[in-house]
Amino acid sequence: MDVAAAPKPPPGALHPSVGSEGHPRGACRRCCFFPRGRCLNGYTCGFCHYEHDKRRRKSNRKGMRKHPTVMLASSLCCRAAAGLAPHPLQQQQQQLQQQQQ
């Protein structure tokens, strides 16, 4: 479908899309396709077609600082899957078996 074929607002429409109705109250969600000219839904789009502040991208580095043990565990599992090291659970099972003997 072509963007030019997208539904146009009817005469007298107060907003550029149906989803833009809540914009004055801050009760809308922006259309990520409209600013780039790729929204194929036009007036019938359930998302806001008004201009919004740019979003800040979330950094993965913050998550690494908060949960270093999770990152360590996942890297150990990845190493085990690649055959570079035994799986952490296998190591734990081997240790338990050695203690029982």
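The notes below deal with the structure included here. All values derive from a computational prediction rather than experimental measurement. (Residues numbered from 1 in each chain as written. Predicted model: local features only at pLDDT ≥ 70, side-chain atom pairs only at ≥ 80, totals over all residues. Heavy atoms only, no water.)

1. Here's the deal with the layout of surface pockets
Empty space among the atoms becomes apparent when a probe as large as a water molecule is rolled across them. Here the largest pocket is characterised by a volume of approximately 410 Å³. Lining the largest pocket are 14 residues; nearest its centre among them are Arg 30, Pro 35, Arg 36, Lys 54 and Arg 55. Lining the second largest pocket are 13 residues, with Ala 6, Phe 34, Cys 39, Gly 42 and His 49 sitting closest to its centre. Taken together, the residues of the lining of the second largest pocket break down into eight nonpolar, three polar and two charged. (1 Å grid on protein atoms, 1.4 Å probe; cavity = no way out; pocket = protein on both sides within 12 Å on 5 of 7 lines; lining within 4 Å. Points joined across faces, edges and corners; volume = space filled by probe spheres on them. Nonpolar A, V, L, I, M, F, W, Y, C, P; charged D, E, K, R; others polar.)

2. Observations concerning the environment of Gly 46
Of note, Gly 46 is situated in the segment before helix H1 (60-66). On the basis of relative accessible area, Gly 46 is assigned to the exposed category, the value being 56%. Separated by 15 residues in the primary sequence, Gly 46 and Cys 31 have C-alpha atoms spaced 8.1 Å apart. (Helix = DSSP H or I, 4+ residues; strand = E, 2+ residues; numbered from the N terminus. Buried < 20%, exposed > 50% of the residue type's maximum accessible area, 1.4 Å probe, protein only.)

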